[in-house]
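Topology and contacts: notes
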Amino acid sequence: MSPASRFLALALLTLVGCERGPAPGHAVVDFRHERQPSGTAVASWKADQVTAEELTRRLEEMSPALRARYQTLEQKREYVEGLARFELLVQEALARGLQNDPEVVASTKRALVTRLMRTQLDEAQPPVSDAEVAAYYERQKEDYVRPEQVRLAHVFLAAPRADAARVTAARARAEKVLADARALPAKDFAAFGRLARAYSEEPRTQPLDGDLRYRSLEVLAQDFGPEVAEAARALVASGPGALSGVVQTDAGLHVLQLTGHQAALNLKLEDVRQQISGRLSHEKRTQAWAELLSGLERRAGFTVDTAALSRVHVDMGAPMLPPSGPPPGTMPSPSPFPSAPVGQP
């Protein structure tokens, strides 16, 4: 079960109307428009009002372009009427008991969890010290400082340089492999891999379609000979898919294809400080969320009866029913709110 799903299983809140008393152990959602009415009322209705101060704040929260639509008295009146209509519709929905409608409850739960996530993760940014950033940089230094690397695939034919007869026979076969490789579509790495599986005599890479993985030129020279490293350096200029000629080393003959190239990196700590700090902050936030979920489960006594769960049958042929909650394994998204009050364009 995902962290989101585990949390939703715990966040069971029963929503009740404003005018009803709360059931024991249940939360009360305050749907009033103004919880602490104060200021100069520009519009009012039973137990509620829109004040000049609220209206000014709402207008200042708009972009200048949108704010320009509410300059005249009539335009401001329409806006205030839209606010009032929206609140009156909320009260009517409550009067009809719609706050307990399953769809409304599910939407409110999603909004609650989304708000909790924002509070827990966004508003409480965990600090990341310079020492933590420096330590991470040292641990992962190969990600920031590394030599140029190439990735090759090869067909290798064993023929020690000292055995002239064997070299001659192997070269004829290598030239045939090279001709076959040159006949392939450009960058058809899979096809070259099939040649490696069919003809290569290098036991470590033959099962891997001849793949040598990423290596620096220095390591390549150490592992396969300086001739291979020099050939790889020349292939870089042509780009992935380029083929070498037949390359002879002390151990035998190679036909090489360049499949990848990574330029050298030499990033100092200051170059990546902000990036590392962001990564560590994300890791801390993720850990904080996991600890919150773990604590909630522990305090709630959350358990899973695997025996009972295993007996739940998933009928693949049953018709799809209307959803009764958020999709399994997904984090709820914020509920959409109208960009303008009801009655406004």
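Values in this document were obtained by computation on a predicted structure and should not be read as measured data.

Our next topic: helix 6 (residues 130-139). Those residues of helix 6 lying buried are V133, Y136 and Y137. In an axial view of helix 6, the angular spread of the buried residues amounts to 100 degrees, which keeps them on one side of the axis. In helix 6, the exposed positions angled more than 90 degrees off the buried face are occupied by A131 and R139. Where the residues of helix 6 are buried, they touch strand 3 (145-146) and helix 11 (269-300).

This paragraph deals with the sheet that holds strand 4 (residues 149-158). The strand order across the open sheet built from 4 strands is 5-4-7-6, with neighbouring strands paired in antiparallel fashion. Each edge of the open sheet is held by one strand with a lone partner, namely strand 5 (211-216) and strand 6 (243-248). Strand after strand, the sheet turns through a mean of 35 degrees between neighbouring axes, direction not considered. Both strand 6 and strand 7 (residues 252-262) contribute to a ladder of 4 bridges, which runs antiparallel. Bridge pairing links V247 to H254 in strand 7. Each of strand 4, strand 6 and strand 7 touches helix 8 (residues 189-199); the most contacted strand, strand 4, lies at about 35 degrees to it. Those strands touched by helix 9 (residues 217-224) are strand 4, strand 5 and strand 7, and its axis lies near 130 degrees from that of strand 5.

Our focus in this paragraph is the side chain of H154. You can see H154 is positioned in strand 4. What makes H154 buried here is its relative accessible area of 0%.

A few words now on the packing of aromatic side chains. The final tally for this structure, using the stated rule, is 2 aromatic pairs. With a centroid separation of 5.5 Å and an interplanar angle of 15 degrees, the aromatic rings of Y137 and Y144 are classed as stacked. By the burial criterion, Y137 is buried, and Y144 matches it.

Here the focus is the pairing of strand 1 (residues 41-45). Where strand 1 lies against strand 2 (residues 48-51), 4 bridges are found, and the strand directions are antiparallel. The partner of A41 across the bridge, within strand 2, is T51. Counted between consecutive antiparallel strands, the loop separating strand 1 from strand 2 contains 2 residues, among which A47 sits at a positive phi close to 65 degrees.

Working definition: two side chains of opposite charge can pair if their charged atoms are close together. As enumerated under the stated definition, the model contains 19 salt bridges in all. The salt bridge partner of R273 is D130, with a shortest N-O separation of 3.5 Å. With a gap of 143 residues between them, R273 in helix 11 and D130 in helix 6 connect regions that are remote in the sequence. Classification of R273 as partly exposed rests on a relative accessible area of 22%. For E202, the salt bridge goes to R204, with nearest N and O atoms at 2.9 Å. The structure contains a network of salt bridges with shared partners spanning R77, E81 and R85.

Model confidence for the chain is summarised by a mean pLDDT of 85, while 84% of its residues fall at 70 or above. For the stretch residues 1-25, pLDDT sits under 50, and the model shows 55 contacts to residues farther than four places along the chain or on other chains. Low pLDDT, under 50, characterises residues 328-345; the stretch is placed with 34 contacts to residues that sit more than four places away or in other chains.

So, about the packing of helix 5 (residues 102-123) against helix 11. It is at 9 Å that the axes of helix 5 and helix 11 come closest, and there the two elements cross at 135 degrees. Regarding the angle of helix 5 to helix 11, the classification is oblique. Where helix 5 crosses over helix 11, the two elements pack in a sense that is right-handed. Across from L116, M117, Q120, L121 and D122 in helix 5, the residues of helix 11 making contact are R285, A288, W289 and L292. When the residues that make up the contact of helix 5 with helix 11 are grouped by side-chain class, the tally is 6 nonpolar, 1 polar and 2 charged.

Where burial is concerned, most of strand 7 is hidden: 8 out of the 11 residues are buried. As paired strands, strand 4 and strand 7 are joined by 10 bridges and run antiparallel to one another. Bridge pairing in strand 7 links R151 to G260. Remark: 3 residues form the turn of the hairpin made by strand 6 and strand 7, two consecutive strands paired antiparallel.

For the rest of this paragraph, the subject is the packing of helix 9 against helix 10 (residues 226-236). At a closest axis distance of 6 Å, the pairing of helix 9 and helix 10 adopts a crossing angle of 145 degrees. On the side of helix 9, the interface is formed by L217, L220, A221 and F224, while helix 10 contributes P226, V228, A229, A232 and R233.

About the cut-offs
Residues numbered from 1 in each chain as written. Predicted model: local features only at pLDDT ≥ 70, side-chain atom pairs only at ≥ 80, totals over all residues. Heavy atoms only, no water. Buried < 20%, exposed > 50% of the residue type's maximum accessible area, 1.4 Å probe, protein only. Helix = DSSP H or I, 4+ residues; strand = E, 2+ residues; numbered from the N terminus. Arc of directions from axis to C-beta. Contact = heavy atoms within 4.5 Å. Pairing = 2+ DSSP bridges. Axes fitted to C-alpha atoms, helices over the stretch in contact; angles between N-to-C directions. Phe/Tyr/Trp six-rings, centres within 6.5 Å; stacked < 30°, edge-to-face > 60°. Salt bridge = Lys/Arg side-chain N within 4 Å of Asp/Glu carboxyl O. pLDDT = per-residue confidence, 0-100. Parallel < 35°, antiparallel > 145°, perpendicular 65-115°, else oblique. Left-handed = near helix turned anticlockwise from the far one by under 90°. Nonpolar A, V, L, I, M, F, W, Y, C, P; charged D, E, K, R; others polar.

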